[in-house]
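# A look at the structure
Residue-level listing of the chains:
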Amino acid sequence: MHEKEKVVIFDEMQDIRDFVNAAEACDFDIDVYGNRVVVDAKSILGMLGFGLKKSLRVRYNGWNENFENIIAKFATA
């Protein structure tokens, strides 16, 4: 399976919590890139460190239906 990349923006703290909860249920690595920093998507503190309303790149190499639904909710164009 090839690596997927999506760009997401979180508008509320609950959005970040929902994203991290979905990521935690995945059995593959999910990396989030922003401001020259890479964070594990399963780290609530790391994700909160990015803040809100920022464009973040998410890279992952796996498939989980719930995660795909969550990431689609926050993906830009």
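These lines cover the structure that appears in this document, whether it is placed above or below. (Residues numbered from 1 in each chain as written. Predicted model: local features only at pLDDT ≥ 70, side-chain atom pairs only at ≥ 80, totals over all residues. Heavy atoms only, no water.)

Core analysis: the biggest nonpolar cluster contains 22 residues, and F10, F19, I30, V32, M47, V58 and F67 have the highest contact counts within it. Counting only elements with at least two residues in this core, the list comes to α1 (13–24), β2 (30–34), α2 (44–50), β4 (56–60) and α3 (65–74). Apart from residues no more than four positions distant in its own chain, I30 is found in contact with A23, V39, D40, A41, V58, R59, Y60 and F67. (Core = buried A, V, L, I, M, F, W, Y, C linked by side-chain atoms within 4.5 Å. Buried < 20%, exposed > 50% of the residue type's maximum accessible area, 1.4 Å probe, protein only. Helix = DSSP H or I, 4+ residues; strand = E, 2+ residues; numbered from the N terminus. Contact = heavy atoms within 4.5 Å.)

Tallying each qualifying case throughout the model produces six aromatic pairs. Ring centres of Y60 and F67 lie 5.1 Å apart, and the angle between their planes is 85 degrees; on these two criteria the pair is classed as edge-to-face. Given a relative accessible area of 1%, Y60 falls into the buried group. In this structure an aromatic cluster arises from ring pairing among F10, F19, F28, Y60, F67 and F74. (Phe/Tyr/Trp six-rings, centres within 6.5 Å; stacked < 30°, edge-to-face > 60°.)

Right, let's talk about the environment of M47 for a bit. With respect to the helices and strands, the residue M47 is situated in helix α2. Taking the C-alpha atoms as reference points, M47 and D31, 16 residues apart in sequence, are found 10 Å from one another. Beyond its immediate chain neighbours, meaning those up to four positions away, M47 contacts F10, I16, F19, V20, V32, V39, D40, A41 and L56.

Another aspect to go through is α1. Relative to the 16 Å expected for twelve residues at 1.5 Å per residue, α1 spans 17 Å between its end C-alpha atoms, a close match to the ideal helical length. Of the positions making up α1, those classed as buried are D15, I16, F19, V20, A22 and A23. One side of α1 holds all its buried residues, which, seen down the axis, span an arc of 160 degrees. Where the residues of α1 are buried, they touch β2, α2, β4 and α3. (Expected span 1.5 Å × (residues − 1). Arc of directions from axis to C-beta.)

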